[in-house]
Every structure is written in structure tokens, then in C-alpha cells.
Amino acid sequence: MAIWKTIDWSLTSTNKEPQISPPSSSKIIISVISLSNRRFLFVNSSTNSPISYPSLEDTTKNDLLTLQFDSQNQQNLFLDEGNVNEFLCKLCKDPQTESLAFQYYEKAKDRPEYRPNQLIFKLLLRYLIKHKQWNSVSSLVKDFKDFQIFPDVVTCSKLVSGCMKARKFKIAENLLETFESIQDIAVSAFNSAMKGYNKLHMYSSTILVYNRIKSAKISLDLDSYYQTLEAFYRTGNTEKVLFLFKELQSQNFDTNKIYTQIYLVLCNSLGKSGRAFEALDFFNEMKGKGVVEDSLIYSSLISSFASIREVKIAEEIFEEAKEKKLVRDPALFLRLVLMYVEEGLVEKTLQVVETMKELDIRVSDCIFCAIINGYSRKRGLNDAIEVYGELISQGYEPGQVTYASIINVYCRLGLYEKAEVIFAEMESKGFVKCVVAYSSMVSMYGKIGRLREAMKMVAKMKERGCEPNVWIYNSLLDMHGKVPNLRQVEKIWKEMKRRKVMPDKVSYTSVIYAYSKAREFDESLKFYEEYRFNGGSIDRAMAGIMVGIFSKNNRIDELVKLLQDMKADGAGLDLRLYRSAMNALRDAGLEDQAKRFEESFDSINTPNREPNRPVQNIWVRKLPVEP
């Protein structure tokens with residue numbers, strides 16, 4: 001009988017019956033676990049006082065005696081060599097003792113005579129992964145190599161999957177290195193790693209695992225090919241997808257369900273790279289091989305041809321899928337609607353809606369909105385309103401995006417009362433955080449001079465937790481700048497800065513105009529210089545304001561510099577800007593400069609030019625600068 005002991009304990013004779021005489025203050029808990037006619041005796045003490053061994057009635061020398069003594073992390077373990085693995089299995093399978101199993105395993109493996117088995121590794125891994133004891137998992141992985149004993153294929157695969165799910169990538173890499181030389185385990189383990197990386201959208205890592213498989217000369221199975229194809233597709237490498245697919249075909253795998261997924265990846269990759277006809281050829285090849293067809297493949301092909309506006313082919317594939325009852329993807333119908341809109345066939349968008357109704361597929365808010373916007377662009381605003389009313393009468397429900405679009409249409413037509421009615425309807429349905437709708441309403445109130453309602457609208461959206469964007473702030477700056485109400489302009493500008501909403505060209509133009517109209521030219525120049533310092537370019541709207549400011553303040557040098565900057569920024573001069581600049585030079589007594597400036601734009605004085613027609617793309621060739 002082999003006896004193991006710690007350095008803190010010694011056993012002078014195993015033939016004598018051990019006796020225990022605990023101190024009065026100590027607490028002893030004795031429990032016996034029977035296993036195959038053997039008994040495991042646990043003695044727990046709350047003190048570290050000297051302790052002798054209790055006697056067991058009917059104990060034979062073949063009995064297995066286990067003593068656990070917990071005090072200041074000290075333990076004594078006495079195990080019969082032949083039953084260690086059986087004992088550990090018993091601990092692992094009992095929920096009350098499974099937490100002790102790894103501790104006993106650590107004690108056992110210190111003995112050179114001990115060798116674990118596959119079942120021990122499987123049970124220990126199950127417990128350690130369940131309780132996320134990853135340091136212990138790493139220790140156990142090292143033991144695989146040391147003992148040259150490995151869990152079964154399924155356990156190894158689940159181990160790698162568990163590491164990927166917990167994002168313990170370093171442990172997973174160690175596992176792959178450990179399993180690399182064992183063909184049957186390696187295929188399953190590497191496949192689990194690739195699947196885990198793909199689920200986390202770490203496609204580059206999947207490709208690295210694939211390269212590692214190739215360098216280790218491990219044979220790929222169908223699932224491994226699928227995971228690798230998915231990774232290359234997601235990274236946009238269509239050529240590699242084609243190469244791998246042809247390599248897969250040369251392997252002569254048996255056709256099964258995963259082949260459908262592989263063809264889907266291939267068709268998606270070719271379709272997104274504009275190679276829809278190649279995707280169709282492979283699809284026909286797939287049908288010839290008897291591979292199970294899938295609704296997603298049909299959806300991919302239809303979307304591919306819709307994106308390149310091959311209307312006839314897209315419709316033919318759609319009809320084929322419809323006959324086979326393989327039209328299930330709602331996103332497919334949006335692709336068709338967008339195709340018809342781009343081709344100017346907006347009437348067919350209503351046919352798409354009818355088909356969706358036949359197939360009992362809900363018309364989404366995006367499709368509804370796309371139809372309204374399509375009619376607005378291709379047929380006009382009034383037609384968009386008419387189609388909106390027709391769809392509503394058929395029972396289709398608009399969502400937040402559609403409401404925002406139709407409100408914008410009413411605002412552009414000047415039907416302000418109708419816009420208010422639709423906005424109130426949108427609010428009643430709980431769509432209270434649509435920035436686009438708020439922006440249209442604020443802009444509308446600004447155009448009709450209802451500044452109080454505009455400010456109330458902004459206050460309402462803030463109260464509902466909807467943050468104003470730069471469009472809304474631009475509308476407020478514009479409406480208050482035209483009054484001009486500089487106090488409100490300054491307040492709005494400061495609020496933009498405080499909320500970290502970056503002002504754009506329209507923001508600066510509105511503020512510069514507001515101060516210019518109030519004849520606060522120094523403030524206008526300050527904002528203009530800030531705008532230019534931040535890299536802002538000059539368009540005709542801002543140039544028109546600044547020409548007036550420079551002219552009124554006799555700042556001719558700045559005026560000439562402005563015109564030169566416009567040339568550098570690629571902004572053309574129109575007739576209004578030309579006349580303003582000419583008048584400014586002449587009023588300053590710079591006749592020679594005015595004459596040269598006029599010669600630079602002699603094309604606008606042609607007799608065939610229509611009166612008051614803007615002059616396009618007229619550039620300053622060389623403007624004199626007054627020394």
C-alpha cells in the first residue's frame with residue numbers, strides 16, 4: 001500500500017492503529033465515502049494542533065484511507081495508488097465534492113507513479129470551464145503534453161470553443177499548438193477556433209488560423225473550408241474565395257447541407273464585387289449537382305443583379321424563387337424597390353408592395369420611405385403625397401423614417417398646416433426622437449417667421465432626450481440672424497460649443513451675416529478669420545457677404561485677397577459678386593485696378609449674354625494688389 005504525505009506530517013508505522021486526541025477547542029468532522037467496497041475517511045479540524053489518526057472498525061489493509069486536514073492551507077492526503085483516478089472521478093461527478101477534485105488532482109500528479117486518463121481530463125475541464133477557472137485550465141493544458149494523454153475529440157473541440165467564447169485567445173492558441181500534431185483532434189480544434197473568431201467578427205484571425213493549418217499540413221474538412229471562405233468573403237478577398245472554392249471542389253467531398261452555405265458565401269462574394277453573372281453560373285452548377293437550394297442564395301442573386309440594374313434578370317430569378325416558395329428575405333424587396341427607383345420605374349415599386357402582401361411579408365418602414373422618396377425624386381412632390389395617401393388607405397403603417405420624409409415633402413410644398421398634422425400624428429404613435437422630423441419643423445417655422453414655435457420645438461426635443469444636430473442649430477442661427485437678434489445668435493453659438501456640435505460652413509455664414517446685418521463688422525471679421533483659420537473654404541454665399549463687408553469698410557486689400565482665395569478654393573464668381581467687387585474698387589479710387597479686374601472678366605460683357613444671368617466659372621487671372 002503506497003502512502004503519500006506532506007512535509008508537515010510523518011507516519012512512523014502504518015501497522016499501528018492511529019488514535020486521535022483533539023483539543024477541547026477543536027472541531028472534528030468525520031465523513032466516510034464508500035467506493036467499490038473501499039472507504040474514504042475525511043477528517044477536518046479547525047486547529048493546527050497535533051493530531052493522530054482515528055481507527056476504523058473492520059478496516060483491512062486493502063482499505064483506502066484518505067485524510068484531509070484543513071488548517072492554514074495544510075493538507076494530508078493518503079491514497080491507494082491503483083484507485084486514484086476512480087476516486088477523482090467520484091469527486092468530479094458529485095456536485096458537493098467537485099470543487100475538491102482539481103486540488104486532489106494537483107496532489108496526485110506530483111507522484112511519478114500517477115498517470116491520469118481521458119475521463120479525468122474531461123471531467124476536470126468541464127468543471128473548470130463552467131466556473132471560469134482559466135489559470136487552472138492553462139495548467140491542465142500543460143499536463144496534456146507532459147503526460148502525452150489528450151482528451152477525446154469532442155472535449156478538445158468544446159475546450160477551444162469555450163476559450164473563444166470567453167475571449168481567452170492566448171489559451172486557445174496554446175491549445176492549437178498542443179493539438180497541432182494530432183490529426184483527428186487538430187482538425188476539430190482548429191475548426192472550432194475559426195468558428196469562434198468568425199462569430200466575433202475577427203476574420204483576420206480566422207485567416208491566420210487557416211494559414212497555420214496549411215503550414216502544419218493539416219487536412220481541412222468541409223466545415224473548415226466554409227469558415228475560411230466566410231473570413232475571406234468578409235475581408236473582401238473575392239479572388240481568394242474563388243481559389244479556395246476550386247480547391248474544395250477538387251477534394252471530392254460528399255454533398256451535404258454545408259455545401260449550400262458554401263455556395264451562398266461564393267455568390268455573396270461575387271455579387272458584392274459586381275460579378276453577378278459569375279455568381280449565376282455557379283448557382284446553375286449548384287442546381288445541377290443536386291445541392292439543396294436556399295432562399296438566401298436567391299436573395300443574394302436578385303440583390304446582385306438589382307445592384308447592377310439588370311432589371312430583366314433580377315425579375316426572372318425573383319419569379320423562379322417565388323414559384324419555389326423561396327422568397328422570405330424582407331431585405332430583398334428593398335433592393336428591388338431601390339432598383340426600380342434608380343431606373344425610373346417607380347410604378348413598379350407598388351407592384352413590389354402587392355407581392356409582399358400576397359406573400360404575407362410585412363412592408364417595412366424603409367421600403368415605405370424608399371417608395372415615397374422615389375416618387376418625390378422621379379415624379380415630383382405632389383405625386384409623392386398622392387402615393388403616400390394611397391398606401392395609407394390600403395392599411396400600410398408608416399414608421400418614423402416615412403413620417404420624417406412626408407413631413408419634409410409637405411414643408412417643401414409650403415403645406416405647413418398639413419406638416420403640423422402629420423407631425424402630431426407621428427408623436428401620437430410614440431415616434432418622438434426623430435431628429436430629421438424636428439429639423440424639418442424647425443426650418444419650416446423659421447421660414448414663416450414663427451420663431452417662438454421653433455424655439456418651443458427645440459425645447460421639446462431636448463426634453464425628450466433628443467439632441468439637436470448642426471442642421472437644427474443652423475436653422476436657428478439663420479432665423480435669428482435675419483431679424484437680427486444678436487443676443488439669441490450668441491446664445492445659440494455658445495450652446496453649440498458647449499454641446500460639442502461642430503459648426504459647419506452654413507453655421508459660420510449665418511453668424512457672419514447676422515453681425516453684418518447689425519453692422520457689427522468687427523464681429524463678422526472675427527468669425528470669418530476663425531472660419532478661415534480652421535481651414536474653411538469660401539463659397540459664393542459667404543463671398544457675397546464678405547465683399548459687402550470689405551466694401552463698406554474700404555478694406556480693399558482684404559477684398560482682393562478674398563477674390564484670390566476664391567480662385568484657390570475653386571469657387572466661381574457670379575454677376576452680383578462681380579459688380580460688388582467692381583463698385584468697391586471704383587469707390588476706393590482704384591480705377592486702374594478696376595479696369596484690370598474688368599478685363600479679367602471680359603466674357604461677361606458679350607452681347608449674347610442674357611440679362612442678369614449668373615456668370616459661371618469666371619476666374620481672377622491676376623489681380624493687382626495695392627502696395
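In this text the structure is predicted, and so the values were computed from the model without any measurement.

1. Observations regarding the UniProt feature "repeat: PPR" (unreviewed entry) in the protein
Next, step 1: Residues annotated in UniProt with the feature "repeat: PPR" (unreviewed entry) correspond here to residues 294-328, 364-398, 399-433, 434-468, 469-503 and 504-538.
Next, step 2: End C-alpha atoms of residues 399-433 are separated by 12 Å, and the span's content is 77% helix alongside 0% strand.
Next, step 3: Secondary structure across residues 434-468 comprises 74% helix and 0% strand; the distance between its end C-alpha atoms is 10 Å.

2. Side note on unusual backbone geometry
Next, step 1: The linkage connecting Val483 with the following residue, Pro484, adopts the cis geometry, with an omega of -10 degrees.
Next, step 2: The residue Pro484 is located in the loop between helix 23 (470-482) and helix 24 (486-498) in this model.
Next, step 3: Positive phi, close to 60 degrees, is recorded for Arg167, a residue that is not glycine.
Next, step 4: Position of Arg167 relative to the elements: it lies in the loop between helix 5 (153-165) and helix 6 (169-179).

3. What to know about the packing of aromatic side chains
Next, step 1: Enumeration according to the criterion identifies 25 aromatic pairs in this entry.
Next, step 2: With centroids separated by 5.9 Å and ring planes inclined at 35 degrees, the aromatic side chains of Phe102 and Tyr105 adopt a geometry described as tilted. Here the residue Phe102 and the residue Tyr105 both occupy positions in helix 2 (residues 98-108), the gap between them amounting to 3 residues, near one helical turn. When sorted by exposure, Phe102 lands in the same class as Tyr105, which is buried.
Next, step 3: Where Tyr403 meets Phe431, the ring centres are 6.1 Å apart and the plane angle is 50 degrees; that geometry is what we call tilted. Here Tyr403, found in helix 19 (residues 400-413), pairs with Phe431, found in the loop between helix 20 (416-428) and helix 21 (435-447); they are 28 residues apart in sequence, far enough to count as distant.
Next, step 4: Since its relative accessible area comes to 0%, Tyr403 is described here as buried.
Next, step 5: By the ring-pair criterion, three or more aromatic residues cluster together here, those being Phe102, Tyr105, Tyr114, Phe121, Phe144, Phe150 and Phe179.
Next, step 6: Sitting above the plane of the Phe527 ring, Lys526 keeps its charged end 5.2 Å from the centroid.

4. Here we look at the packing of helix 19 against helix 20
Next, step 1: Running from N to C, helix 19 and helix 20 point in directions that differ by 165 degrees, and their axes come no closer than 8 Å. Considering their axes alone, helix 19 and helix 20 lie roughly antiparallel with respect to each other. For the crossing formed where helix 19 meets helix 20, the hand is left-handed. Touching Tyr403, Ile406, Ile407, Tyr410 and Cys411 of helix 19 are Tyr416, Lys418, Ala419, Ile422, Phe423, Glu425 and Met426, all from helix 20.
Next, step 2: Considering only residue class, the contact of helix 19 with helix 20 consists of 10 nonpolar, no polar and 2 charged.

5. Comments concerning a positive patch on the surface
Next, step 1: A contiguous patch of positive charge, built from Lys90, Lys93, Lys122, Arg126, Lys130 and Lys158, is present on the exposed surface.
Next, step 2: Those elements that provide at least two residues to the positive patch are helix 1 (84-93) and helix 3 (118-130).
Next, step 3: Among the elements that line the positive patch, the one with the most residues is helix 3, at 3 residues.
Next, step 4: With respect to the secondary-structure elements, Arg126 resides in helix 3.

6. Focus: the confidence of the model for the protein
Interpretation of this model should avoid reading the predicted coordinates in detail wherever pLDDT is low.
Next, step 1: When pLDDT is averaged along the protein, the result is 81, and 79% of the positions lie at 70 or above.
Next, step 2: Confidence over residues 1-81 falls short of pLDDT 50; this stretch has 154 contacts with residues more than four positions distant or in other chains.
Next, step 3: Below pLDDT 50 for its whole length, residues 602-627 participates in 53 contacts with residues either more than four positions away or in separate chains.

What counts and how
- Residues numbered from 1 in each chain as written.
- Predicted model: local features only at pLDDT ≥ 70, side-chain atom pairs only at ≥ 80, totals over all residues.
- Heavy atoms only, no water.
- UniProt positions renumbered as here; feature names shortened; annotations may be inferred.
- Helix = DSSP H or I, 4+ residues; strand = E, 2+ residues; numbered from the N terminus.
- Phe/Tyr/Trp six-rings, centres within 6.5 Å; stacked < 30°, edge-to-face > 60°.
- Buried < 20%, exposed > 50% of the residue type's maximum accessible area, 1.4 Å probe, protein only.
- Lys NZ or Arg CZ within 6 Å of the ring centre and 35° of its normal.
- Axes fitted to C-alpha atoms, helices over the stretch in contact; angles between N-to-C directions.
- Parallel < 35°, antiparallel > 145°, perpendicular 65-115°, else oblique.
- Left-handed = near helix turned anticlockwise from the far one by under 90°.
- Contact = heavy atoms within 4.5 Å.
- Nonpolar A, V, L, I, M, F, W, Y, C, P; charged D, E, K, R; others polar.
- Patch = residues over 30% accessible without salt bridge, like charges linked within 9 Å, V, L, I, M, F, W, Y side chains within 5 Å.
- Areas by Shrake-Rupley, 256 points an atom, 1.4 Å probe, with all protein chains shown as cover.
- Salt bridge = Lys/Arg side-chain N within 4 Å of Asp/Glu carboxyl O.
- Lys, Arg positive; Asp, Glu negative; His and termini not counted.
- Charge placed at Lys NZ, Arg CZ, Asp CG, Glu CD.
- pLDDT = per-residue confidence, 0-100.

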